[in-house]
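Each chain, written out:
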Amino acid sequence: MRVPLSWLREYVDLPATETGRDVQAKLVSAGLEVERVEQLGAGLKGPLVVGKVLTIEELEGFKKPIRFCTVDVGSANGTGEPQEIVCGARNFAVGDKVVVVLPGAVLPGDFAIAARKTYGKTSHGMICSGDELGMGDDGSGGIIVLPPEHEVGTDAIELLELVDEVLDIAVTPDRGYALSMRGVAREAATAYGLDLRDPALLDVPGPNAFGYPVQVADPLGCDRFTARTVTGLSPEARSPIWLTRRLQKAGMRPISLAVDITNYVMLELGQPLHAYDRSRIQGAIGVRRAEQGEKLTTLDGAKRTLDAGDLVITDDRGPIGLAGVMGGANTEIDDTEGTTTEVVVEAAHFDPISIARTARRHKLASEASKRFERGVDPEAAAAAAQRTVDLLVLLAGGTADAGVTQVISPSAPHTITIPADHPDKVAGVDYGRETVVRRLQQVGCDVYGQDELIVTVPSWRPDLTDPNDLAEEVIRLEGYENLPSTLPKPPAGLGLTDRQRLHRRVGRALAGAGYVEALNYPFIGTEVLDQLGLEADDPRRTVVTLANPLSDEEPAMRTTLLPGLLGALRRNDGRGSHDLALFETGLVFRPTGQEHKAERLPVDRRPTDEEIAGIDSALPHQPRRAAVVLAGAREQAGWWGKGRPATWADAVEAARTVAREAGVELTVRGDRHAPWHPGRCAALYATVNGEETLVGHAGELHPRVVKALHLPERTCAMEIELDLLEQAGTGPLAAPRISTFPVATQDVALVVARDVPAAEVEAALREGAGELLESVRLFDVYEGEQLGEGRKSLAYALRFRAGDRTLTVDEASAARDAAVALAGARTGAVLRS
């Protein structure tokens, strides 16, 4: 909402010394988000005057039309002689009144004006357009042509109100009343402790039987409809300068007198209005739900197919407008032909939810829908209609019909019962009953009672629904900056949970291994699940869909960490970083089908354990996971030797790095699982509660996935569930015991069948070697004719060490032989000769 300070002063007698910055500070303190103060006309310097075009000479021989004009500017040039000006615009004629800037003036943007020779003539100034003066779009796209009644030589800076300050307010959804001058003026009056001249306080005639016929078939969608008629409008009447300038400062483009008046009243009172050409309406005006598939051409020229949930305005032919969003083209006021002399003014109150859904359904956000969906004062409809009628009579020479139509669905004012000390308890400040009552009355509430207050909420504040809303009003008007800053005192001795400790250890370990953390939004779309190649029955396709997503392209919560990480990898690769290793730890959301609607918890006490359990049961399963993605070089080349690219083995090693932080040894087996390559995919297992459990996958991504997501070739990834690793762990990690005795190394080469996993052989070696084994490492894999078809050789380095003595050769050999024997019994391994 753009609020010109000069307009705001009409409703509140602000001190003359107050600048836009001062008012901004006051309104921010009151809770409005005033983002900036725009200085209109900053740097503008005259002389800038009204001139009358005397002659126009067309100059020939140039690439574009050029005109040499003489303009009467009165005594503004010091001589009284006509001013000679060269101009390329063509939307003015001899006798027109225009805006002339004379030499010595400075226009916005530090554009100094001086006499200069151009196109073979000397131009002593300029004939100005709205853009050159910083006025914004006036709809003409050319030179400003003024009404003929303005005197030559008049100061155009004052006439056009070029110098002003405009407050740019970001209106939050709960403060729809601030989308009007009336609402902002009320806040300013409260902030300064001044009286408000409410523009809605008008003498409004009561309804009678002579008004334009209106039939409301859906009183829930439209609980109030006012119709007024004005006849005898002058087709030649145009919007006065003060009206167009206020619209421009507020960010709206002037269109025609009738439309400009409805927009002006909407900005003034916050009530959207619509004016119909009475001659183009057939029969009574109706309000109903649309029939599925009905057609309507709106004012923007788009032909729209209506939904059964849309609220529409109709006549005998069918829909003539989308209620609260946009009118229809078939009843549009057409001032270009000057045929509209009678208008019907509509001021109605529509259901906010219905309007919001219609605007989103048709992707048609308008100034009207923006206000209706945030809440419009229903009591202001009649006043807004009266204000529109008064302006049409005043500016267009019309006559107001005596008929007044008002369709009203009866409703009682909303009341809230609140303890007088409730704001004190919420804020931790002793305000006292007198302050609470005074602040609520400033908001517009009627307050009765002593210790227990009965508060009647004003019609323009539909956001006030419960005691905490009223407490917030008291606190914000008393000043958020006056609230004491007190640090909470947590109970001692709790510290981090085991889950939090594991989460932090994993992050440090991956960072130490060369991975960079990338935090991503937890939202995905179904398209990325297709790109990952997930089967139709894959559990990861069952998602939690948001009711109000930030983006329509990503309406669901993630079921895997990979889409966000792969997107980050793709962006970085596209920007020149080709050697990448990224990781992320966070929650995924896996619905179980047992979720239910959560109950609303009270805020005046701590929830009970049962209430917290009920909230938890309403949530989907949210396991914590860790994931990595790799592409490009894992080790850089240099003088030290050749580098190497990242491979599936690095992804598996990242999983082992994560598992070690939980004190878990992973078992790795080949698997087929999207989005990994079938031949380069490892399933990761850990022993959880005595049973071998799948905890994640690692490997190289499928080429089709790489192509679909535009990733670098041979991209690898790993994803593992931290909660399962925590369950598989043995508790807090024990510090390693360091032995001062020497190590004994024994190498063994075992020949096994090609399909025997190396992890099974390693597990058997570990178990068979016993307590003396310090580590086992696979350092070579060989396949060849010497071994025979379907066989491979696995070479392991076994390190033995005792904590209390130096091992003898016989002890180390015996442990090695025991390890080989168990590997042979379990996997069929034999020593390679």
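Chains are numbered independently. Their residues run from 1 in the order of the written sequence. With the structure being a predicted model, the display of local features is reserved for residues of pLDDT at least 70 and the display and counting of side-chain atom pairs for 80 or more, all residues being used for whole-chain, interface and lining totals. Based on all heavy atoms of the structure, the side-chain values leave hydrogens and waters out of the count.

**Details of the pairing of strand 32 (residues 624-631)**
Judged by how many residues are buried, strand 32 sits mostly within the fold: eight of eight residues are covered. Because side chains alternate across strand 32, one face comprises the buried residues Arg624, Ala626, Val628 and Leu630, and the other comprises Arg625, Ala627, Val629 and Ala631, equally buried. Should DSSP find at least two bridges between two strands, the strands are taken to pair. A run of H or I in DSSP becomes a helix once it reaches four residues, and a run of E becomes a strand once it reaches two; helices and strands are each numbered from the N terminus. With eight bridges joining them, strand 31 (residues 580-587) and strand 32 adopt antiparallel strand pairing. Residue pairing for strand 32: Glu584 is matched across the bridge by Ala627. Whether a residue is buried, partly exposed or exposed follows from its accessible area with a 1.4 Å probe, protein chains only, as a fraction of its type maximum: under 20%, in between, or over 50%, in that order.

**Focus on the confidence of the model for the protein chain**
Predicted coordinates in regions of low pLDDT should not be interpreted in detail. One confidence number per residue, pLDDT, is output by the predictor and ranges from 0 to 100. Averaged over every residue, the pLDDT of the protein chain is 90; the share at 70 or more is 99%. Within the protein chain, no element has a lower average pLDDT than strand 9 (residues 116-118), which sits at 87, and none a higher one than strand 38 (residues 716-721), at 97.

**Observations concerning helix 13 (residues 498-512)**
One turn of an α-helix holds 3.6 residues; hence residues three or four places apart share an orientation. Between its first and last C-alpha, helix 13 extends 21 Å over 15 residues, near the 21 Å set by a 1.5 Å rise per residue. Within helix 13 the residues assigned to the buried category are Leu502, Val506, Gly507, Ala509 and Leu510. The buried residues of helix 13 occupy one face: seen down the axis, they fall within an arc of 165°. Turned more than 90 degrees from where helix 13 packs its buried face, Arg508 and Gly512 sit exposed. Only heavy atoms enter the contact rule, under which two residues are in contact if any of them lie within 4.5 Å. On the buried face of helix 13, the contacting elements are strand 31, strand 32, helix 17 (648-661) and helix 19 (722-728). Following helix 13 by one or two positions, Gly514 adopts a phi angle in the positive range, close to 100°. Any helix carries an expected span of 1.5 Å times its number of residues minus one. Note that the arc is defined by the directions from the helix axis to the C-beta atoms.

**Here's the deal with the side chain of Thr405**
Assignment of secondary structure puts Thr405 in strand 24 (residues 399-408). Overall, Thr405 belongs to the buried group, its relative accessible area being 9%. For the purposes of these results, a polar contact is taken to be a pair of N or O atoms within 3.5 Å, where, inside protein, one atom must be able to donate a hydrogen and its partner to accept one; residues adjacent in sequence count only when each atom of the pair is a side-chain atom. At 2.7 Å, the side chain of Thr405 forms a polar contact with the backbone oxygen of Tyr212. In this view, Thr405 contacts Gly211, Tyr212, Val214, Phe225, Thr226 and Ala227; residues no more than four positions away in its chain are not counted.

**Observations concerning the sheet that holds strand 2 (residues 33-40)**
Strand order in the open sheet made by the three strands is 1-13-2, with antiparallel pairing throughout. Whereas interior strands pair on both sides, the edge strands pair on one side only; in this sheet they are strand 1 (2-4) and strand 2. Looking at each pair of strands side by side, their axes are set apart by 25° on average, direction ignored. In terms of strand pairing, strand 1 meets strand 13 (residues 164-170) through three bridges, oriented antiparallel. In the strand pairing of strand 13, Pro4 is matched with Val166. Convention adopted: a line fitted to C-alpha atoms gives each axis, helices being fitted over their contacting stretch, and angles between N-to-C directions are expressed from 0 to 180 degrees.

**Remarks on the packing of helix 11 (residues 433-443) against helix 12 (residues 467-478)**
Between two packed helices, both the angle of their axes relative to each other and the distance between the axes serve to describe the pair. Running from N to C, helix 11 and helix 12 cross one another at 95°; their axes reach a closest spacing of 9 Å. One element, helix 11, and the other, helix 12, form an angle in the roughly perpendicular class. Packed against helix 11, whose contacting residues are Thr435, Val436, Arg438, Arg439, Leu440, Gln442 and Val443, the element helix 12 presents Leu470, Glu473, Val474, Leu477 and Glu478 at the interface. Classification used: nonpolar for Ala, Val, Leu, Ile, Met, Phe, Trp, Tyr, Cys and Pro, charged for Asp, Glu, Lys and Arg, polar for all others including Gly. The residue makeup of the contact of helix 11 with helix 12, split by class, is six nonpolar, two polar and four charged. Angle categories: roughly parallel below 35 degrees, roughly antiparallel above 145, roughly perpendicular from 65 to 115, and oblique for all the rest.

**Observations concerning the side chain of Glu700**
Among the secondary structure elements, Glu700 is positioned in strand 37 (residues 691-701). Under the relative-accessibility criterion, Glu700 is labelled buried at 4%. With sequence-adjacent residues up to four places away left out, Glu700 is seen in contact with Trp648, Trp676, His677, Arg680, Arg714, Thr715 and Cys716.

**A look at the pattern of salt bridges**
Within this document, salt bridges are pairs made up of a side-chain nitrogen of Lys or Arg and a carboxyl oxygen of Asp or Glu, the two lying within 4 Å of each other. In total, this model carries 58 salt bridges according to the counting rule given. Taking the shortest distance from any N to any O, the salt bridge between Arg660 and Glu653 comes out at 3.1 Å. On the accessibility criterion, Glu653 (34% relative accessible area) is partly exposed. One salt bridge connects Glu767 with Arg826, and the closest N-O pair in it is separated by 2.7 Å. With a gap of 59 residues between them, Glu767 in helix 20 (residues 758-769) and Arg826 in helix 21 (residues 809-827) connect regions that are remote in the sequence. Within the structure, one salt-bridge network assembled from shared partners comprises Arg175, Glu187, Arg461, Asp463, Glu472, Glu473 and Arg476.

**Here's the deal with the sheet that holds strand 42 (residues 830-831)**
Reading across the sheet, the four strands line up as 40-41-39-42 and stay open at both edges, with antiparallel pairing between neighbours. Of all strands in the sheet, those bounded by a partner on one side alone are strand 40 (773-782) and strand 42. Across the sheet, helix 20 touches strand 39 (744-753), strand 40 and strand 41 (791-800), and the angle it forms with strand 41 is around 35°.

**Considerations on the packing of aromatic side chains**
Working definition: rings of Phe, Tyr and Trp (its six-membered ring) pair if their centres are within 6.5 Å, and the pair is stacked with planes under 30 degrees apart, edge-to-face with planes over 60 apart, and tilted otherwise. Evaluated as defined, the whole model comprises six aromatic pairs. For the ring pair Phe350 and Phe372, a centre distance of 5.2 Å and an interplane angle of 70° mean the geometry is edge-to-face. Highlighted residues: Phe350 in strand 23 (residues 343-350) and Phe372 in helix 8 (residues 367-372), separated in sequence by 22 residues. With respect to burial, Phe350 and Phe372 carry one shared label: buried. Between Tyr521 and Phe523, the aromatic rings sit 6.3 Å apart at their centres with planes inclined by 15°, giving stacked as the arrangement. Since its relative accessible area comes to 65%, Tyr521 is described here as exposed. An aromatic cluster is defined as three or more aromatic residues linked by ring pairs; in this entry it consists of Trp7, Trp242 and Tyr264. Criterion for a charge above a ring: Arg CZ or Lys NZ at most 6 Å from the ring centre, at most 35 degrees from the ring normal. Above the plane of the ring of Tyr515 lies Arg634, whose end atom (NZ or CZ) is 4.7 Å from the centre.

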